[in-house]
Structure formats: structure tokens, C-alpha cells
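Next come the chains, spelled out residue by residue.
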Amino acid sequence: MEIKPEHLARASCQNIPISTKHSVEISRNLRYKTTVQAKQILEPVIALKKALPYYHFIHDIGHRAGMSTGRYPQKAAKEFLHLLKAVEANAQAKGLNTSNLKIIKIIANKASIPQTGNRWHRGTKRTHLEIEVREMTDKNKEKKSETKEHKEKGNKEHLKAPKTASKQKDNNSRDKP
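About the cut-offs
By convention here, each chain's residues receive numbers from 1 onward along its written sequence. Local features in this predicted model are restricted to residues of pLDDT 70 or higher, and side-chain atom pairs are both shown and tallied only at a pLDDT of 80 or more, whereas totals for entire chains, interfaces and linings draw on every residue. Processing note: side-chain calculations cover all non-hydrogen atoms of the structure and skip hydrogens and water entirely. In this analysis, strands are considered paired if DSSP registers two or more bridges between them. Put simply, DSSP H or I for four residues or longer makes a helix, DSSP E for two residues or longer makes a strand, and each gets a number counted from the N terminus. Axis geometry follows a simple rule: fit a line to the C-alpha atoms, using only the stretch in contact for helices, then measure angles between N-to-C directions, giving values from 0 to 180 degrees. In this scheme, a residue with accessible area under 20% of its type's maximum is buried, one over 50% is exposed, and one in between is partly exposed, where area comes from a 1.4 Å probe on protein chains only. Note on contacts: a residue pair qualifies if any of its non-hydrogen atoms lie within 4.5 Å across the two residues. Just so you know how the angles are binned, under 35 degrees is roughly parallel, over 145 roughly antiparallel, 65 to 115 roughly perpendicular, and the rest oblique. Take the far helix as your reference; a near helix turned counterclockwise from it by less than a right angle gives a left-handed crossing, and one turned clockwise gives a right-handed crossing. Amino acid classes used here: Ala, Val, Leu, Ile, Met, Phe, Trp, Tyr, Cys and Pro are nonpolar; Asp, Glu, Lys and Arg are charged; the rest, including Gly, are polar. Whenever two N or O atoms come within 3.5 Å, that pair is a polar contact, provided that in protein one can donate a hydrogen and the other can accept it, and provided that, for residues adjacent in sequence, both atoms are side-chain atoms.

Some details on the sheet that holds strand S4 (residues 101-110)
Read across the open sheet, the three strands follow the order S1-S5-S4; overall the sheet is antiparallel. Two strands bound the open sheet, and with one partner strand each, they are strand S1 (8-16) and S4. The average undirected angle you get between the axes of adjacent strands in this sheet is 10°. Across seven bridges, the pairing between S1 and strand S5 (residues 127-135) is antiparallel. Each residue of the ladder has a partner; that of Cys-13, found in S5, is Leu-129.

Written out as C-alpha cells, the structure reads:
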């Protein structure tokens, strides 16, 4: 399915001084969520209220309440929140409805390490961030609800399978003396 560029909005940041590993974990947690849901995930992380679950970079990370491993990547979460606001502003400038935006692409890539003239290599964490959102139309929401209903209906139907002809013959033969 090809997505029309009129329904897309993009934003990117280059050479942000945040950890690439934290950025990858945040990206994984925000992908395919709406922008409203993404903000609800990031704001408690910045306020140190709720930890962000980590799935890939989990070596020597302790357990958190309600999840296996997690951290509070505040600096990276602030940059992602800034990027979300930027992509919403871009979408609004294109005339899209900002309450129906879904993140379809969010990428964190490692940037080049800056070269300094001395032996001290401070501030060498650099990351490129890119986000792309799509406006969810009413048709997309209707299709999504129809597929859920179809799946639920299909799951219930196979549980109530009709009796086959051979089982019905067996039942009839038992009734007769």
C-alpha cells in the first residue's frame, strides 16, 4: 500500500548529544503509536515517574516496578518530545489533523564522533533522529475496527464447530435399540 505524501509529515534532528542506545530503545517503544500516546509515554519518563522498558540493551540494567528491565533516559526523552512537537507543527502547516497522527517511521542512527585537537574526547555521544507520521483518516479507523471484529468473530466460530455427518450418524445409531 502506497501512502500519499499529502498525508505525511516529517522531522529530523542531526548530531544531537544523546546516547544512541537510549534513542534506539525509545524509538522501539514509540513506533506505531499515535503522537498523543507517545507524549503520554515520554512525559512520565522525563518526570522520573515511570521507567521506559528496555528490550535490547539490557546488560547490567536492574529491574523496575511493573517491568523486567528499564531506565529513565531523561535527556533523550526530552529530545524525542521536542521532535514530536516539531513533526506536529510540520503536520499542522501541511493542513493535517494533529489529533489523528500515527508514527509510522522513527529511526535513531549513530552520528560521527567529533574530532577534537587534544587528548580529551568529551561529549562524543551523537545521534541522528528521524520521525515520520501519517494522518489516520476515518477509513483507516473503520478498516482497523472491521478487521478486529472479523478476527474476534472468526476465533469464536472455530470454537463452535458444527457436528460432522459421521458424528451425527453415530448419535442416531445409539438412540435406536
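Quick notes on the environment of Leu-84
Position of Leu-84 relative to the elements: it lies in helix H3 (residues 74-94). Given a relative accessible area of 1%, Leu-84 falls into the buried group. Residues Leu-84 and Ile-103, 19 residues apart in the sequence, show an inter-C-alpha distance of 9.5 Å. Discounting residues that sit within four places of it in the chain, Leu-84 has contacts with Thr-35, Ala-38, Lys-39, Leu-42, Ile-103 and Ile-131.

A short note on the packing of helix H1 (residues 20-30) against H3
At their nearest, the axes of H1 and H3 sit 9 Å apart, and the two run at 50° to each other. The angle between H1 and H3 falls in the class oblique. You can see that H1 and H3 cross each other, and the crossing is right-handed. For the pair H1 and H3, the contacting residues are His-22, Ser-23, Ile-26, Ser-27 and Leu-30 in the first and Ala-76, Ala-77 and Phe-80 in the second. Counted by class, the contact of H1 with H3 contains five nonpolar, three polar and no charged residues.

Here we look at H1
Of all 11 residues in H1, eight are buried, a share of seventy percent or more. When H1 is considered as a whole, its buried residues turn out to be Thr-20, His-22, Ser-23, Glu-25, Ile-26, Ser-27, Asn-29 and Leu-30. Buried residues in H1 make contact with helix H2 (35-46), strand S2 (52-53), strand S3 (70-71), H3, S4 and S5. Two or three places before Lys-21, at the opening of H1, Ser-19 has a side-chain oxygen 3.3 Å from that residue's backbone nitrogen. Phi turns positive one or two residues past the end of H1, at Tyr-32, with a value near 65°.

Digging into the packing of H2 against H3
Viewed as axis vectors pointing N to C, H2 and H3 meet at an angle of 155°, and their least axial separation amounts to 9 Å. Taken together, the axes of H2 and H3 lie roughly antiparallel to each other. Note on packing geometry: the crossing formed by H2 with H3 is left-handed. On the side of H2, the interface is formed by Thr-35, Ala-38, Lys-39, Leu-42, Glu-43, Val-45 and Ile-46, while H3 contributes Gln-74, Ala-77, Lys-78, Phe-80, Leu-81, Leu-84 and Glu-88. Looking at the contact of H2 with H3, its residues break down into eight nonpolar, two polar and four charged.

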